[in-house]
Every structure is written in C-alpha cells, then in structure tokens.
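This is what each chain is made of:
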Amino acid sequence: MEQNFKIYIYPDGDPNTFYQTPRKLTGKYASEGFFFQNIRESRFRTLDPDQAHLFFIPISCHKMRGKGTSYENMTVIVKNYVESLIAKYPYWNRTLGADHFFVTCHDVGVRATEGVPFLIKNAIRVVCSPSYDVGFIPHKDVALPQVLQPFALPAGGNDVENRTTLGFWAGHRNSRIRVILAREWGNDTELDISNNRINRATGHLVYQKRFYETKFCICPGGSQVNSARIADSIHYGCIPVILSNYYDLPFNDILNWQKFSVILKEHDVYQLKQILKEIPDEQFVSLHKNLVKVQKHFQWNSPPVKNDAFHMIMYDLWLRHHVIKY
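Not measured: the values here are computed from a predicted model.

Taken as a whole and assessed by the stated rule, the structure comprises two disulfides. The disulfide that involves C105 links it to C128, with 2.0 Å between the sulfurs. Across the S-S bond of C105 and C128 the torsion is about -95 degrees, and the bridge reads as left-handed. Placement of the pair is C105 in the loop between β4 (100–104) and α5 (107–114) and C128 in the loop between β5 (124–127) and β6 (142–143), with a sequence separation of 23 residues. Of the residues examined, C128 reaches a relative accessible area of 1% and is grouped as buried. The disulfide partner of C217 is C238, and the S-S distance across this bridge is 2.1 Å. Torsion about the S-S bond of the C217 and C238 cystine: about 105 degrees, corresponding to right-handed handedness. Highlighted residues: C217 in strand β9 (residues 214–220) and C238 in the loop between α9 (229–236) and β10 (239–243), separated in sequence by 21 residues. The residues C217 and C238 share a single accessibility class, namely buried. What links to what in the protein chain: the bonded cysteines, counted in sequence order, pair as 1-2, 3-4.

Within the secondary structure, S31 is located in helix α1 (residues 30–41). Reaching out from S31, the side chain makes a polar contact with the backbone oxygen of P145 at a distance of 2.6 Å. A polar atom in the side chain of S31 sits 3.1 Å from the backbone nitrogen of V147. Those residues in contact with S31, other than ones at most four positions away along the chain, are C105, L144, P145, Q146, V147 and W300.

This next bit is on the environment of H106. For H106, the position within the fold is in the loop between β4 and α5. Under the relative-accessibility criterion, H106 is labelled buried at 9%. Along the primary structure H106 and C128 are separated by 22 residues, whereas in three dimensions their C-alpha atoms are 7.3 Å apart.

Before going further, it helps to examine the packing of helix α3 (residues 71–88) against α5. Between two packed helices, the angle of one axis relative to the other and the distance separating the axes together describe the packing. The interhelical angle for the contact between α3 and α5, taken along N-to-C directions, is 65 degrees, at an axis separation of 8 Å. α3 and α5 meet at a crossing whose hand is right-handed. Counted together, Y71, M74, T75 and V78 of α3 and V108, R111, A112 and T113 of α5 form the full contact between these two elements. For the contact of α3 with α5, the class distribution of residues is five nonpolar, two polar and one charged.

A few words now on α3. With 18 residues, α3 extends 26 Å between its outermost C-alpha atoms, agreeing within 8% with the 26 Å of an ideal straight helix rising 1.5 Å per residue. Of the positions making up α3, those classed as buried are M74, T75, V78, Y81, V82, L85 and I86. Projection of α3 onto a plane perpendicular to its axis shows the buried side chains occupying an angular sector of 140 degrees, all on one side. Turned more than 90 degrees from where α3 packs its buried face, E72, A87 and K88 sit exposed.

Pairing between side chains of opposite charge can happen when their charged atoms approach one another. Inspection of every chain in the model, using the stated rule, returns 13 salt bridges. Where K79 meets E83, a salt bridge forms, and the shortest distance between an N and an O atom there is 2.8 Å. Linking K79 with E83, this pair stays in helix α3, spanning four residues, or about one helical turn. With a closest N to O distance of 3.7 Å, D141 and R125 form a salt bridge. Residue D141 is found in the loop between β5 and β6, and its partner R125 is found in strand β5; the two are separated by 16 residues along the sequence. For D141, a relative accessible area of 0% puts it in the buried group. Each of E114, R125, K140 and D141 takes part in one network of salt bridges that share partners.

So, how was this worked out
- As a convention, each chain's residues are numbered from 1 in the sequence order in which they are written.
- With pLDDT at 70 or above as the cut-off, local features in this predicted model cover only qualifying residues; side-chain atom pairs require 80 or more to be listed or tallied, and sums for whole chains, interfaces and linings still use all residues.
- Calculated side-chain values reflect all of the structure's heavy atoms, with hydrogen atoms and water omitted.
- Note on terminology: disulfide denotes any pair of cysteine sulfur atoms within 2.5 Å.
- Numbering of helices and strands starts at the N terminus; helices are DSSP runs of H or I of at least 4 residues and strands are runs of E of at least 2.
- Working definition: with a 1.4 Å probe on protein chains only, accessible area under 20% of the residue-type maximum means buried, over 50% means exposed, and in between means partly exposed.
- Two N or O atoms count as a polar contact when they lie within 3.5 Å, although within protein this holds only if one can serve as hydrogen donor and the other as acceptor, and sequence-adjacent residues are included solely when both atoms are side-chain atoms.
- Contact criterion: two residues are considered in contact whenever any of their non-hydrogen atoms come within 4.5 Å of each other.
- Convention adopted: a line fitted to C-alpha atoms gives each axis, helices being fitted over their contacting stretch, and angles between N-to-C directions are expressed from 0 to 180 degrees.
- Each crossing gets its hand from how the near helix is turned against the far one by less than a right angle, where anticlockwise is left-handed and clockwise is right-handed.
- Any residue outside Ala, Val, Leu, Ile, Met, Phe, Trp, Tyr, Cys, Pro, Asp, Glu, Lys and Arg is labelled polar, Gly included; the first ten of those are nonpolar and the last four are charged.
- What a helix should span is 1.5 Å times the count of its residues minus one.
- In this description, one arc is meant: the one made by directions from the helix axis to the C-beta atoms.
- Should a side-chain nitrogen of Lys or Arg be within 4 Å of a carboxyl oxygen of Asp or Glu, the pair is scored as a salt bridge.

This is the structure we're talking about:
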C-alpha cells in the first residue's frame, strides 16, 4: 500500500470554503484537520489523476459554520461544488463516485453532506459518527476516530498497580444513555460517575488525571454515537468501555477491539458494575497490555508517522478501493 496507493485531491472550489485545513488542529475538528494536512504532505498524494486509485473531495464546512451559514445553505454549497466536479472532470462518472471519498468529523459537516443523497450514497464517507442506524454503510464507509489533540498529559500504560478505581465517567448528560448512567451509578462508591464535567476550579487537569487512576473508563455515546473519550481512554491507558448501540468502531476491520476494550450494549448499563467486577485480573492485565500496543494507532502526527491514525485510515481506504471495478 505505502508504495503504490495514490490519491488525487480535487483542486477546485472556493478557497474560503473548500480544501482548507481547520484553523486549529485541536478540538472537535482535530481528526478532520490532521487528515487534510497529512494527505497533502504524504507520499500517497499524486498530482496526476490518471495514476489515482481514489479521489479526495476536500469538503470542510468549518469556515461556512464560522460565517453563520445555515445547514440548508451549506448543503446547497456542497451540492453545487460536487456537481461542478462531476461536470468538469470525467472521473466521477466512471464509477458514479464509488472511488471518491470525503472526510468530516464534526456533526456540522455530517449534517451538511447528508443533504446531498447522491454523495453519501455513492462516495466513501470517512466520518467520526459511524452509526448503523443513520445511514453509515460499514463495507463502504470508514469510521474516523475522534481524537482531541494535543493530549494534556503523557500516555499512560504499564501501570496497572496504580489503577485502583473500578470505573470512571464525567461529562454532559446530552443523551439518554448518559442520563441513565448518571442516574444509576452517580452515588456508587466503586464507580466514579459524575453528573457533569469536572470543574477546572477543583484542580489542575483533575479530569485527565482520573484516567491514570482508573481500570475501566466508561465511553457512552453523546449527541452522536461516538465519543472522544475512547481515544482519551486509550491514550491514558484506561480500558475503554464502549456503551453504544449501532457503533462501527474505528479500524474495526483491522483491529480486534475485544482484545483491548469492553464492548457493551446500552441496556447493559444497569449491570455495569457487576460486568466490570466479574472481569478476572488476568484478563484486565491482558486488555491493558494490548491497549498500550494500539495507542500509536489513535495518535495524529504532522508529518504522518507509520502506523499512526492517518496510516490506519489510509489502509481502510486501501481495503475499500479493491472492490471498485471500472
């Protein structure tokens, strides 16, 4: 793959709207921004479309959002842009867009592109909210990990003796599963469950330090099925407990998540403590060791580094391009 795989980036579009790396490689746009930057500086990029295996449509809606553009107008802008590429270049029509892809992590971009049915139906979507029940197609689309870099503290790992808290979660109750989690376990003595985000006034980096002290970090879906806490947990060496339905986990066709995480359905929240306490110590140690091994796959770098998040996404795209015939 590293020697042969080539991506062509369409050069057209309003420079204030398209083909723009988000202003900061931090926060909710971090994964999207790093991919935009990494693809430009990687060996996978080709300036010759005839050499390309896939075509990148550089849609990023962050500047439109910053200008107060409505979702309806964003959809019109995206639709007009893609239609202009179809009219100008011959490549879309060869496969009806099956060898094209776009990348968006923030729900703004997801909502804007969902209003263009021919785009999300035919092209490969690389998104942070890969939920089966809202149109994500696992064999076609790619789950992008939501990684909020830079991390505030160094990576954790090989420190199981320091992890004395059974489970931890703190955050906004902006989904049904989070409300239930806080209601059921908010007063528990073994699970450290907070009804809201930890106030910075309680101390410096208190939230991040909790990850170092905990065996299992609870990762319920929020407004979307995904959670940035998954990547946080992996970075800090805390076993992520996935508590979401219909979630196609990032790199699911490359990594075996059962070996470094605990995957539950939302209805399991009522038995959460019992499930975690029944995990044998030797299994926890094995999960932790495997978690440390996969940390590099959930890290963005500039320029990209072998086996990091960018290369994992590229490998996912490489796997999908093999099913395209023309």
